[in-house]
Structures are given as C-alpha cells and as structure tokens.
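Chains, contacts and geometry: an overview
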Amino acid sequence: MPTTSSQALQVLVVADPGLPSRRAASIHSSLERSLREAYGVTTTLYTRTDTVYLTPERELALDAVEDLRADYPDVNIILILTEIPRHTQGDPLIAEVYSDRNLAVVSCPTLGAWATKRRIIKVMMSSVNKLVPWDPEATTRKFLLGWSNWSNNEDSSHQSLHAHTITGGPRLIMGMTIANEPWRTAPKLSGALAAASATGAFGIFYSSIWQMSTYLSTLRLLSIGALAILVMVAWLIASHKLWDRPVNERLATVVMYYNLSTVLTLLITVIALYATLVVLILLGGLVVIDPAFMTQQIQQDASFTNYLDIAWLSAAMGVVAGGLGASFDTDADVQKLTHGQRMRQRVYTDNSTDADDTVESS
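Residue indices follow the written sequence of each chain, beginning from 1 at its first position. The predicted nature of this model means local features are confined to residues of pLDDT at least 70 and side-chain atom pairs, given and counted, to a pLDDT of 80 or more, with totals for whole chains, interfaces and linings taken over all residues. Calculation of side-chain values draws on the structure's entire complement of heavy atoms; hydrogens and water are dropped beforehand.

1. Digging into the UniProt feature "transmembrane region" (unreviewed entry) in the protein chain
UniProt positions are given in the numbering used here, feature names are shortened, and annotations may be inferred rather than shown by experiment. Mapped onto this structure's residue numbering, the UniProt feature "transmembrane region" (unreviewed entry) falls at residues 189-209, 221-243, 263-289 and 310-328. With 83% helix and 0% strand, the stretch residues 221-243 has end C-alpha atoms that lie 29 Å from each other. Helix makes up 96% of residues 263-289 and strand makes up 0%, while its end C-alpha atoms are separated by 37 Å. Helical segments are the DSSP runs of H or I of at least four residues, strand segments are the runs of E of at least two, and each set is numbered from the N terminus.

This is the structure:
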C-alpha cells in the first residue's frame, strides 16, 4: 500500500473515450484540490484518455493498465473511470479497489445519467482513501460516503462499493443510456433520416392527408405517433440484431440492463427524430399551404391546429418509412450505439471470430 511519507502524492486517472473522459476533464482541478486538502501533501493529478480492454473471461485487463506506470513512474495510485457497467452476480458496482495493485476502478454508468461532479469526486476520494487511508478528522469527513458502504471480498486486497439495492438498477440503466449518447445517433442513421424526411414531406402536398388528420381525434393522432415510434424502434433492434441474449443464465440480469439501455437509447433517438420531423413539416406546411386552399379542401376554416395535425400525421408516416430506410445503414455503425457491441470490441482474443461467452446478439 502506498504512503504519503514522501510528502507527495501522484495520482493517474485513466478514462475511457467519450463521456468518462469528459467527466474526468471536468473534475480534474476539483479532485486535485480535494486530494491536496485531504492529505496535506504536494499532490499531482494526471488524466489520460485510453480504452480499457477486457480479457476473454470478460475481466478488466488490469495488467495492460499497469503497463501505463512506465509512462508515469512516480505515480502512487491509478484510478480507472470506465464506461463498462461493472457488476457482481447481477448487482451493479460503483467502484472496486485492488490494494495489491494500488489501483481502483470506478464505473461511470453506475454513477447515473447526470452524476454531479461532487458525487464523482466523492467516489474517487473514497477509493483513494481505501488505498492511502487518511485520518477521519473534521477536514476529511466531507469526503466520506454517506449513501453506500464498502464490502470486503474473499480476497482481502479487493474491496467493492455496490450501488443501492433499489435505485442501483434504474440508475445504471440511465447511466448506460447516456453513455450511448443517443443525441449523436442520428448521423449514423442516414438511411432512416432520408426515408423519414422524404416520406414526411408528402404530407405537405397531398390533400387526402390533410382531410384525414382533420377528422382524426387528438387521442388517435397521439396513438398513431406512439405506434410509429415503437415500430421504428422494434425494426431497428430486429434488423440490426441489437437484442442480446444471455448465454449463461446467471448473467440474465446483466443482459437485461444492456437490453433496456438499448431500447431506451433508441426511444430517445426516434422521439427526437419524430419531433424534428414535426417541426420541419409544420414550417414547410405554413409556407407552402395557403389557408384558403386548405379551408376549401377540409371544408372548414383552417387554423394552426390543422397545420399541426398534418405535421403530426405526416411525421408518423415518415418515422415508419425511416425504420425501413434504416435497413440501408450499416450494422457496424448502428451496433456501436449499444453497450453490448462496444464491450465485445474491447475483448482481447486470439481469434476475432471467437464466440462471446457473456451475451450473444439476436
């Protein structure tokens, strides 16, 4: 176990690309200041963006992380901030400490979708404390966790910090969803976007759609929109094989987290696509369709509500067509949106065609 007897503490934070690296960058100054305050010694914090790989047994390749010490010979402690959802027997893990390696692993998704800087710093400070204990004086009590406790494993050099029994699962799913970055999904669905836009635009020019939207009730229009969204999500999952199945029964809970985060990611993406289509078609309709001509076609005075109904129904048609258009998007681009596929890409294997022993896509 490292000490601060040398009156210096050097910590390296290794963060996965994407959300973990952005979070690591955002807390750099605050974490360094907290470490200096807790230990009262000269503190240096390094941050590095690097993908943390997995062994064929789906364990973190900690030996590869240890190799980074060659670039940072004076580092006392390594903290890993990863996007990999960590778990034991299906229970979400927030952090793990390996005192024999002077190393701790913090799972970014388990911290939740909108983990505050304060929460991340507290988990990291608590992890460091397990490696280099400080005196629990008044100045350091604020760094202690009040909402979870560390548990010792059979291996005395390995300690785990589990998520809350009730809120841990939902928090993990939301964290995984945000890590999938659904707002960046649209460019990867170029085929879906093209088909949805082209089909939705027809609603501006076909009076039969105007008439139909006028006579449909608000509840029916909302139902049509919801059904269109669900159809596109289901089609994306089926056509690109995004649904994972557990090969091992004990991992059923873990795979459920993966699948739920995939569904939620696609729901957010498709809802955003739908809302965008509604706005664009509405603007197009206001420009193209003359109110007097619409009044003649629908046999009632045209109002803004009529334009909105047309946009809503047309967008529903566009979203359904977008699901079919997504068939032309490459599987590789779409599959990278999910945790299951990205996890498989992290695995060290002697043969790239080796079967996955945790989940398989269907």
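Let's pick the thread back up.
2. A few points about the packing of helix α1 (residues 19-39) against helix α3 (residues 117-131)
Structural elements are reduced to axes, namely lines fitted to C-alpha atoms, with helices fitted over the stretch in contact, and the angle between N-to-C directions of any two is expressed from 0 to 180 degrees. α3 packs onto α1 with a crossing angle of 50 degrees between their chain directions and a minimal axis gap of 10 Å. As judged from the angle between their axes, α1 and α3 are oblique. Every pair of crossing elements has a handedness; the one defined by α1 and α3 is right-handed. Contacts from Arg23, Ser26, Ile27, Ser30, Leu31, Ser34, Leu35, Ala38 and Tyr39 of α1 reach α3 at Lys117, Ile120, Ile121, Met124, Met125, Val128 and Asn129. Looking at side-chain class alone, the contact of α1 with α3 contains 10 nonpolar, four polar and two charged residues. For classification purposes, angles smaller than 35 degrees are called roughly parallel, those larger than 145 roughly antiparallel, those between 65 and 115 roughly perpendicular, and all remaining angles oblique. Crossing handedness follows the turn of the near helix against the far one: under a right angle anticlockwise gives a left-handed crossing, and clockwise gives a right-handed one. We call two residues in contact when some of their heavy atoms are within 4.5 Å. Note that Gly is not counted as nonpolar here; it falls among the polar residues with everything else outside the nonpolar set of Ala, Val, Leu, Ile, Met, Phe, Trp, Tyr, Cys and Pro and the charged set of Asp, Glu, Lys and Arg.

3. Focus: the nonpolar core
Residues Leu31, Leu35, Tyr39, Ile77, Leu79 and Met124 are the most contacted members of the largest nonpolar core, which totals 34 residues. Only β1 (8-15), α1, β3 (77-82), β5 (91-98), β6 (103-107) and α3 provide two or more residues apiece to this core. Per-element accounting of this core gives the leading share, seven residues, to α3. Setting aside residues no more than four positions away along its own chain, leucine 35 makes contact with Leu9, Val11, Gly40, Thr43, Met125 and Val128. Residue types Ala, Val, Leu, Ile, Met, Phe, Trp, Tyr and Cys, when buried and joined through side-chain atoms within 4.5 Å, form a set referred to as a nonpolar core. With a 1.4 Å probe rolled over the protein chains alone, any residue whose accessible area is under 20% of its type maximum counts as buried; one over 50% counts as exposed, and the rest are partly exposed.

4. Description of the pairing of β1
Most of β1 sits out of view: seven of its eight residues are buried. Inspection of the sheet shows β1 paired to strand β2 (residues 42-49) by eight bridges, in the parallel sense. Paired with valine 14 across the two strands is arginine 48, which belongs to β2. Handedness is read with the strands pointing away from the viewer; a crossover is right-handed when the path from the first strand over the helix to the second is clockwise. For the handedness criterion, the β-α-β arrangement of β1, α1 and β2 is classed as right-handed. By the convention used here, strands pair only if DSSP detects at least 2 bridges between them.

5. Description of the environment of isoleucine 271
Relative to the helices and strands, isoleucine 271 is located in helix α8 (residues 252-288). Given a relative accessible area of 45%, isoleucine 271 falls into the partly exposed group. In the structure, isoleucine 271 is positioned 42 residues away from isoleucine 229 in sequence and 6.8 Å away in space, judged by C-alpha atoms.

6. Some details on the packing of helix α4 (residues 168-179) against α8
In the contact formed by α4 and α8, the axes pass within 8 Å of each other and the chain directions differ by 50 degrees. In terms of axis orientation, α4 runs oblique to α8. The two elements α4 and α8 meet at a crossing, and its hand is right-handed. When α4 is examined against α8, the residues Gly169, Leu172, Ile173, Met174, Met176 and Thr177 are found in contact with a partner set consisting of Tyr257, Tyr258, Leu260, Ser261, Leu264, Thr265 and Ile268.

7. Remarks on the pattern of salt bridges
By convention in these notes, a salt bridge is any Lys or Arg side-chain nitrogen within 4 Å of a carboxyl oxygen on Asp or Glu. Taken as a whole and assessed by the stated rule, the structure comprises four salt bridges. Within the structure, one salt-bridge network assembled from shared partners comprises Arg48, Asp50 and Asp71.

8. Focus on the packing of aromatic side chains
Within 6.5 Å between ring centres, the rings of Phe, Tyr and Trp (the latter by its six-membered ring) count as paired, and their orientation is classed by plane angle as stacked under 30 degrees, edge-to-face over 60, tilted in between. Evaluation of the coordinates by the stated rule reveals four aromatic pairs. Ring centres of tyrosine 46 and tyrosine 72 lie 5.4 Å apart, and the angle between their planes is 50 degrees; on these two criteria the pair is classed as tilted. Highlighted residues: tyrosine 46 in strand β2 and tyrosine 72 in the loop between α2 (62-66) and β3, separated in sequence by 26 residues. Assessed through its relative accessible area of 29%, tyrosine 46 is described here as partly exposed. Arranged with centres 5.7 Å apart and planes meeting at 50 degrees, the rings of phenylalanine 202 and tyrosine 206 form a pair that is tilted. Judged by its relative accessible area of 43%, tyrosine 206 is partly exposed.

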